[in-house]
Amino acid sequence: EMGGPGPRAVGCAKCCTVFATSGVLFLCLIGTLLTKQPLYVLGVDDPEAAAKSVFDAAWMYFAVLAASFGVLFWDRAEQRRRPVGRRPGMPEYGAISHKDDDDL
């Protein structure tokens, strides 16, 4: 049984979500600018090829964004399955027995 992503993976996924979202938005903006108004982008000899490259890069950032969301949703699903306060493989400190004191 897999225990879900660890805390480092969740932290990395949160960070990657922020950067990938900004990357997708920025690259889509630049790609649209190259497609609609290439004169505003200086130093580009072939705006169509540049726009295709920019949109390809935006898809790569989108793939990172999708993977990050996948890790976050996986962690959320694992949190619902595990008992409150427990992570797989971690001992419960202080729990000596499950019997009531009256049963002793």
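Preceding this section is the structure that the text describes.
Residues numbered from 1 in each chain as written. Predicted model: local features only at pLDDT ≥ 70, side-chain atom pairs only at ≥ 80, totals over all residues. Heavy atoms only, no water.

### Considering the overall build of the protein
Along the protein, the regular secondary structure elements total 2 helices and 0 strands. When each of the 104 residues of the protein is scored for burial, the buried share is 18%. When the accessible area of the protein is evaluated, it comes to approximately 8500 Å², of which 63% is carbon and sulfur surface. (Helix = DSSP H or I, 4+ residues; strand = E, 2+ residues; numbered from the N terminus. Buried < 20%, exposed > 50% of the residue type's maximum accessible area, 1.4 Å probe, protein only. Areas by Shrake-Rupley, 256 points an atom, 1.4 Å probe, with all protein chains shown as cover.)

### A few points about the packing of aromatic side chains
Following the criterion strictly, the structure yields 2 aromatic pairs and no others. Between Trp59 and Phe62, the ring centres sit 5.6 Å apart and the planes meet at 85°, which makes this aromatic pair edge-to-face. Here the residue Trp59 and the residue Phe62 both occupy positions in helix α2 (residues 47–81), the gap between them amounting to 3 residues, near one helical turn. The exposure class of Phe62 is partly exposed, given its relative accessible area of 42%. Arranged with centres 6.1 Å apart and planes meeting at 20°, the rings of Phe69 and Phe73 form a pair that is stacked. With Phe69 and Phe73 both in helix α2 and 4 residues apart, this pair spans about one turn of that helix. Assessed through its relative accessible area of 36%, Phe69 is described here as partly exposed. For Phe73, a relative accessible area of 56% translates into the label exposed. (Phe/Tyr/Trp six-rings, centres within 6.5 Å; stacked < 30°, edge-to-face > 60°.)

### So, the pattern of salt bridges
As enumerated under the stated definition, the model contains 1 salt bridge in all. Of the charged contacts, one joins Lys52 and Asp56 as a salt bridge, the two residues approaching to 2.9 Å between their closest N and O atoms. Here Lys52 and its partner Asp56 are both found in helix α2, 4 residues apart, which amounts to about one turn of the helix. (Salt bridge = Lys/Arg side-chain N within 4 Å of Asp/Glu carboxyl O.)

### What about the nonpolar core?
General note: in soluble globular proteins, nonpolar side chains tend to be found buried as a group. Listed in full, the 6 residues of the largest apolar core are Leu27, Leu34, Ala50, Ala51, Val54 and Ala58. Broken down by secondary-structure element, the contributors of at least two residues to this core are α1 (7–36) and α2. When residues in this core are grouped by element, the largest group, 4 residues, is from α2. In this structure, Ala58 is in contact with Val24, Leu27 and Cys28, ignoring residues within four places of it in sequence. (Core = buried A, V, L, I, M, F, W, Y, C linked by side-chain atoms within 4.5 Å. Contact = heavy atoms within 4.5 Å.)

### Let's talk about α2
For α2, which comprises 35 residues, the first-to-last C-alpha distance of 51 Å matches the rise-based estimate of 51 Å (1.5 Å per residue) to within 8%. Of all the positions in α2, only Ala50, Ala51, Val54, Ala58, Leu65, Ser68, Asp75 and Glu78 are classed as buried. Each element contacted by the buried residues of α2 is listed here: α1. (Expected span 1.5 Å × (residues − 1).)

### Overview of α1
Along its 30 residues, α1 runs 43 Å from first to last C-alpha, staying within 8% of the 44 Å computed at 1.5 Å per residue. Val10, Ala13, Thr17, Ala20, Gly23, Val24, Leu27, Gly31 and Leu34 are the residues of α1 that are buried. Its buried side turned inward, α1 meets α2.

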